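Remarks on the overall topology
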Amino acid sequence: MVSGKKKADLNISGMHCATCAVTIEDAVKSLGKGTEVQVNFGNDTAQVEFDPGKISLRQIEEAIRGAGYEIIHQEVIIRVGGMMCATCVETIEKALSSLPGVIQARVNLATEKAYVSYNPSVSSPEDMKAEIEAAGYQYMGIAEDLSPEAEEKERQRDLSDKFRRFSIGFAVSIPLFLLMFIPLPVPMHTLSWFMLVVSTPVFFYVAYPIFRAAMTALRNRTLNMDVMYAMGTGVAYGASVLGTLGIVLTHDFMFYDTAIMLASFLILGRYLETRAKGRTSEAIRKLVGLRPRTALVLREGNETEIAIGDVVTGDFVIVKPGGKIPVDGEVIDGESYVDESMITGEPIPVLKSKGSKVIGGSLNTNSVFTFRTEKVGKDTVLAQIISLVEEAQASKPPVQRIADVAVSYFIPVVLIIATGAFAVWYYLLGSTLLFALTALISVLVVACPCALGLATPTAVTVGVGRGAELGILIRNGEALEIADRLTAVIFDKTGTLTRGKPEVTDLISSGIDDRTLISLAASVERNATHPLAEAVVRKAEELQVPIEESAEFTTFGGKGVTARVLGEEVLVGNRVLLAGKSVEIQKGTDQQIIRLEEDGKTAVLVAVAGRIAGIIAIADTTKETTPEAIRELTNMGLSVAMITGDNKRTAEAVGRQVGISRVIAEVLPEDKEREVKSLQAAGAVVAFVGDGINDAPALARADVGIAIGSGTDVAIESGDIVLIKDDLLDAVAAIQLSRKVMSRIKQNIFWAFAYNMVLIPLAAGVLYPFTGYIFSPVLAAFAMAASSVTVVSLSLLLKRYIPPAKKGTIQR
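Quick summary incoming for the structure in this document. All values reported here derive from a predicted model rather than from experimental measurement.

Right, let's talk about the overall build of the protein for a bit. When helices and strands are counted, the protein shows 27 helices and 30 strands. The 812 residues of the protein split such that 53% are buried. Considering only contacts within the protein whose residues lie at least 6 apart along the sequence, 69% involve residues at least 24 apart. When the accessible surface of the protein is totalled, it reaches about 35,100 Å², and 55% of it is carbon and sulfur. Counting 79 positive and 91 negative side-chain charges, the protein places the centres of these two groups 5 Å from one another.

Enumeration according to the criterion identifies 33 salt bridges in this entry. Residue lysine 357 pairs with glutamate 330 through a salt bridge whose shortest N-O separation is 3.3 Å. Taken together, the residues span a long stretch of sequence, with lysine 357 in strand 15 (residues 357-358) and glutamate 330 in strand 12 (residues 328-334) at a distance of 27 residues. Among the ionic contacts, a cluster of salt bridges with common partners joins Arg575, Asp590, Glu597 and Arg649.

Strands pair in a sheet through their backbones, by hydrogen bonds, and they do so in one of two ways: parallel or antiparallel. Taken together, six strands build an open sheet; the order of strands is 20-25-24-23-22-21 and the sheet is antiparallel. Strands at the two margins of the open sheet, each flanked by one partner only, are strand 20 (503-509) and strand 21 (550-556). The mean inter-strand angle of the sheet, taken between neighbouring strand axes irrespective of direction, is 20 degrees. Bridging between strand 20 and strand 25 (residues 611-619) involves six bridges; their strand directions are antiparallel. Of the residues in strand 25, the one forming a bridge with isoleucine 508 is isoleucine 615.

Restricting attention to buried positions, one finds in helix 9 (residues 282-289) the residues Ala283, Ile284, Leu287 and Val288. Projected onto a plane normal to the axis of helix 9, the buried residues spread over an arc of 135 degrees and lie on a single side.

A contiguous nonpolar patch, built from Ile174, Phe177, Leu178, Met180, Phe181, Ile182, Leu184, Val186 and Met188 and spanning about 780 Å² of accessible area, is present on the exposed surface. With three residues, the single largest contributor to the nonpolar patch is helix 5 (residues 148-179). Looking at the secondary structure, you find methionine 180 in the loop between helix 5 and helix 6 (188-219).

It is worth spelling out the sheet that holds strand 5 (residues 74-81) at this point. One open sheet accounts for four strands, arranged 6-7-5-8; its pairing is antiparallel. Two strands lie at the open edges of the sheet, namely strand 6 (102-108) and strand 8 (138-142), each paired on one side alone. Neighbour-to-neighbour, the strand axes of the sheet open up by a mean angle of 25 degrees, direction not taken into account. One ladder, built from six bridges, connects strand 5 with strand 7 (residues 113-118); its direction is antiparallel. Counted as the bridge partner of arginine 79 is lysine 113 from strand 7.

Bridge count for strand 5 against strand 8 is four bridges, and the pairing is antiparallel. Counterpart to valine 80 in the pairing with strand 8 is tyrosine 139.

A word on the packing of helix 7 (residues 225-245) against helix 12 (residues 400-428). One way to put it is that helix 7 packs onto helix 12 with a least axis distance of 10 Å and a crossing angle of 20 degrees. One element, helix 7, and the other, helix 12, form an angle in the roughly parallel class. Crossing of helix 7 against helix 12: the hand is left-handed. Of helix 12, the residues touching helix 7 (which contributes Met225, Met228 and Met231) are Phe410, Ile411, Val414 and Leu415. Classifying every residue of the contact of helix 7 with helix 12 by side-chain character gives seven nonpolar, no polar and no charged.

We now examine the packing of helix 17 (residues 514-525) against helix 18 (residues 531-543). Helix packing for two helices is described by the angle between their axes and how far apart those axes are. Two numbers describe how helix 17 lies on helix 18: the axes approach to 9 Å, and their chain directions differ by 130 degrees. Classed by the angle they form, the pair helix 17 and helix 18 counts as oblique. Two packed elements cross with a definite hand, and for helix 17 against helix 18 that hand is left-handed. Between helix 17, through Arg515, Ile518, Ala521, Ala522 and Glu525, and helix 18, the contact on the second element is made entirely by Ala533, Val536, Val537, Lys539, Ala540 and Leu543. When grouped by side-chain class, the residues that make up the contact of helix 17 with helix 18 number eight nonpolar, no polar and three charged.

Right, let's get into unusual backbone geometry. Residues other than glycine seldom take positive phi values, yet serine 582 does so here, at roughly 60 degrees. Taking the relative accessible area as the measure of exposure, serine 582 reaches 65% and is therefore exposed. Its identity is not glycine, yet alanine 609 carries a phi of approximately 55 degrees, on the positive side. Relative to the elements of secondary structure, alanine 609 occurs in the loop between strand 24 (602-608) and strand 25.

This next bit is on the pairing of strand 29 (residues 704-708). Counting buried residues along strand 29, five of its five residues qualify, which places the element largely inside the surrounding structure. The two faces of strand 29 match: Val704, Ile706 and Ile708 on one face and Gly705 and Ala707 on the other face are all buried. Across three bridges, strand 29 lies against strand 30 (residues 721-723) in parallel orientation. The residue of strand 30 that forms the bridge with alanine 707 is valine 722.

The first and last C-alpha atoms of helix 12 sit 40 Å apart over 29 residues, in line with the 42 Å expected at 1.5 Å per residue. Approximately 40 degrees is the largest bend angle found in helix 12, and it occurs at phenylalanine 410, with the proline proline 412 only one to four residues beyond. Turning to helix 12, its buried residues number three or more, namely Gln400, Ala403, Ala406, Val407, Phe410, Ile411, Val414, Leu415, Ala418, Ala421, Phe422 and Trp425. Along its buried surface, helix 12 packs onto helix 3 (86-97), helix 7, helix 13 (433-446), helix 14 (450-469), helix 25 (728-764) and helix 26 (768-771). One or two positions beyond helix 12, positive phi appears at glycine 430, with a value near 70 degrees.

This brings us to the side chain of serine 123. Turning to its location among the elements, serine 123 is positioned in the loop between strand 7 and helix 4 (125-134). Classification of serine 123 as buried rests on a relative accessible area of 2%. There is a polar contact of 2.9 Å between the side chain of serine 123 and the backbone nitrogen of glycine 101. Non-local contacts of serine 123, meaning those with residues more than four positions away in its chain, are made with Leu99, Pro100, Gly101, Val102 and Tyr118.

Parameters and conventions
- Residues numbered from 1 in each chain as written.
- Predicted model: local features only at pLDDT ≥ 70, side-chain atom pairs only at ≥ 80, totals over all residues.
- Heavy atoms only, no water.
- Helix = DSSP H or I, 4+ residues; strand = E, 2+ residues; numbered from the N terminus.
- Buried < 20%, exposed > 50% of the residue type's maximum accessible area, 1.4 Å probe, protein only.
- Contact = heavy atoms within 4.5 Å.
- Areas by Shrake-Rupley, 256 points an atom, 1.4 Å probe, with all protein chains shown as cover.
- Lys, Arg positive; Asp, Glu negative; His and termini not counted.
- Charge placed at Lys NZ, Arg CZ, Asp CG, Glu CD.
- Salt bridge = Lys/Arg side-chain N within 4 Å of Asp/Glu carboxyl O.
- Pairing = 2+ DSSP bridges.
- Axes fitted to C-alpha atoms, helices over the stretch in contact; angles between N-to-C directions.
- Arc of directions from axis to C-beta.
- Patch = residues over 30% accessible without salt bridge, like charges linked within 9 Å, V, L, I, M, F, W, Y side chains within 5 Å.
- Parallel < 35°, antiparallel > 145°, perpendicular 65-115°, else oblique.
- Left-handed = near helix turned anticlockwise from the far one by under 90°.
- Nonpolar A, V, L, I, M, F, W, Y, C, P; charged D, E, K, R; others polar.
- Expected span 1.5 Å × (residues − 1).
- Bend = angle between axes of the 7 residues up to and from the residue.
- Polar contact = N/O pair within 3.5 Å; in protein donor to acceptor, adjacent residues only side chain to side chain.

As structure tokens, then:
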């Protein structure tokens, strides 16, 4: 228990005035327990003095959040060595969480990383290092400070050590095992001493990692798998020594070969498991490997090669054929085809010319070009993708809780079963001591929560990595699990189902000519950013009509815009806008509007000085893959709907084109969230698919928000699932991938439970009275090793998974 007061500096977001500072101070002081606080509204900070023995920093922060504010933390990813099972994960999480400045600690067994959110004014990475090492594990360093080469070198060193141990173990234990069946002209007494001398150094060399980890666990008052394995192998070796010395036991108890073979199988299992776990993170290593180490920049007119970390925004970077683009930017000179497949999943190189955006990590194929840097370091698309993938791999879907609860009870239950089996066979049923010891050792060795601990994280790690390879970024494990349970998918229309680049198709003027109509409309719309407004301005530029200065520009969300042009008030929008301004629409004009809308066009009305001046018809073509994506979702049993601000006739026409029967039209941007909420209230599990521009509230409200990007401009923070490419088939693929990953997690958990539920009773001897068969300790060790490897191998199959929606568009 930490004693004495600590001071913590908190960075707070959401403060707007001095009253906020008072509100936060009152919230913290209400906790009592000697907690003091001073809030500085000027720099959005608070200094808290508290006693960790009475109250935690986490409780203080919860009080601040309860008052309506957020705390900004620092995060660090730490590489941890020596983890073997789910109990190790729990031990490290508890050790890190015991630090007063640690807010949250999550450990991923598959990637061997700890993801820590902390307050640096209270606890530091050095404190975390001390806690990890005190718990008996290796602090391998901060992940971002370790190069992929250094990580791989350390992994190979660990694999080599395990390989040597089990190779030597088998090289000695197999001959010892054979000696027991070969008639030798030496007395058993002499043979037992020979086996003691030969096996002792080998046993302790092979089993050393197991006993070291077991001692550390016991010092920390925890029970993990190493404690059980140490007991199993230790009992086998100890019984052999006692038999050799003739103390209590006889020469019948010669388990030397068994003890070494048990330890060797355990180390072999960990070797295979480590190799397999290393493959689960290949996707993230590939992404990290995309980052070039240097960049060729123009400085003072000279080409200079500098470290990637020294590139700053505004630098001019030269990229030669075959070179990797170091950071994000915009081409200013030259043109070339660039392979962006490793980022977007798009296999065909893209032509980049002046004004084109380029992504760091992509490959220049055939020519030289120069670009101006716009995003460097952690702001690049690649860096954000890596960060999101790492964060997702660290997350735990709710289904993981089943395994976590099982693991917390697992070891005590197994110890009870092992000792119970010994007691029943020896004391109640009168079996030999040799038989009872065999049952005890077999139960201790065969039991394995490792498979349970690996079932979820390995599948999540591989699945999220596979998603990144396909251009599908999954934010966390919870998104995977919810996506598996979806019943409805809602699509925003503009920019999602359609290309988002509408074009003017018809000009119908009334009282003025067409050129004047488009000129007045463009003079107002030049101030807006809506795709329809941009289409009007583009048409005016195409016709080379004058675009005048405007004043008093006003936007009416979901209705249109107004401004004063050449002294007259000009309205550009829909019926609702004109009705609100008391502009009458004649019957003939209304019929023209209806005809255009039935053709799937949007009718933009223009009024000048209180009178209708004309109609501008605009159409937005649907994306090529939209109808196919809708068919796929319907075939998957999902309900599909479209939501749009367009009028009902236009929306239904677009719905018919793409195959969507349920159309929710005339919805203002701020009301899209309400429509999602109403579907949820009816019991639907809803995914909302949008571009993240004007539908952020709906994306956030949906059970799963799927945000569509456009390759070079990905709104990484905009959804639970982010699609790098502007392709709706990727939305389908994301749901299919989620279903596959969750199916694999459930399979893994089933096999992990089934393995233990079948083999533990078998090892305890439940079949012996009926079949005369007892599960030998050596077979138990082999089965234990196979269980974890099986679960990891099943997860690794996801690396080759191609969602049905993507088949034919990508290769394995």
